[in-house]
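Understanding the architecture of this molecule
The chain contents come next:
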Amino acid sequence: MRIVFAVLILLVGIAAGWDPLFEEPVLMDQTVGGCADPFVADWNDDGLDDLIVGQYAGGRIKWFENTGSAGNPAFASAVVLQADGSNISVGGT
Ligand SMILES: [Ca+2]
């Protein structure tokens, strides 16, 4: 079953010790599977933080490349991450 994520908020933190400061949230209109678990990481090592989203439904991990900038992120459509030519599965339903 697919669940449409109407809003996904990306918090870009600027850490100052244990007192983080957050930028304005970025709203996304993307479709991911149920029980999504987003994580921010620079997956392709281009200096821009991307979104890595694990999902329970289907057990897939999706990469949303940041095609914008650090201060104004925009995200490409999802790419299902693979290893050895097969979709990575982390279990789930
Ligand atoms: Ca990146």
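Please read these numbers as outputs of a predicted model, since none were measured by experiment.

Criteria and cut-off values
- Residues numbered from 1 in each chain as written.
- Predicted model: local features only at pLDDT ≥ 70, side-chain atom pairs only at ≥ 80, totals over all residues.
- Helix = DSSP H or I, 4+ residues; strand = E, 2+ residues; numbered from the N terminus.
- Buried ≥ 20, exposed ≤ 12 C-beta atoms within 10 Å, placed from the backbone.
- Pairing = 2+ DSSP bridges.
- pLDDT = per-residue confidence, 0-100.
- Contact = placed C-beta atoms within 7 Å.

1. Some thoughts on the overall build of the chain
In terms of regular secondary structure, the chain is built from zero helices and 10 strands. Reading the secondary structure of the chain in the N-to-C direction produces β-β-β-β-β-β-β-β-β-β. Split into buried and exposed, the 93 residues of the chain put 13% on the buried side.

2. Details of unusual backbone geometry
Here the phi dihedral of Asp45 falls at roughly 55 degrees; this positive angle occurs in a residue that is not glycine. Mapping Asp45 onto the fold places it in the loop between strand 5 (37-41) and strand 6 (50-54). Unusually for a residue other than glycine, Asp84 sits at a positive phi of about 55 degrees. Within the element layout of this structure, Asp84 appears in the loop between strand 9 (82-83) and strand 10 (86-87). Looking at Asp84, the number of C-beta atoms within 10 Å reads 5, which means it is exposed.

3. Observations regarding the sheet that holds strand 8 (residues 79-80)
An order of 5-6-7-8 is seen for the four strands of this open sheet, with the pairing classed as antiparallel. Strands with a single pairing partner mark the edges of an open sheet, and in this sheet they are strand 5 and strand 8. Across five bridges, strand 5 lies against strand 6 in antiparallel orientation. Residue Asp37 lies in a different strand from strand 6, and its bridge partner there is Gly54.

4. Regarding the pairing of strand 6
Where strand 6 and strand 7 (residues 61-64) come together, four bridges link them in antiparallel fashion. Within strand 7, the position partnered with Ile52 by the bridge is Trp63. Connecting strand 6 to the next strand, strand 7, in antiparallel fashion are six residues, including Gly58 with a positive phi near 90 degrees.

5. Section: the confidence of the model for the chain
Within the chain, residue pLDDT values average 78, and 74% of them lie at 70 or more. Strand 1 (residues 2-10) is the least confidently modelled element of the chain, averaging 39 in pLDDT, while strand 9 averages 94, the highest of any element. Note on residues 1-10: pLDDT is under 50 here. Beyond four places in sequence and across chains, it has 24 contacts.

6. A word on the environment of Thr31
Checked against the element boundaries, Thr31 lands in strand 4 (residues 26-33). Judged by the 13 C-beta atoms lying within 10 Å of it, Thr31 is partly exposed. As a C-alpha pair, Thr31 and Ser77 span 46 residues in sequence and 9.0 Å in three-dimensional space.

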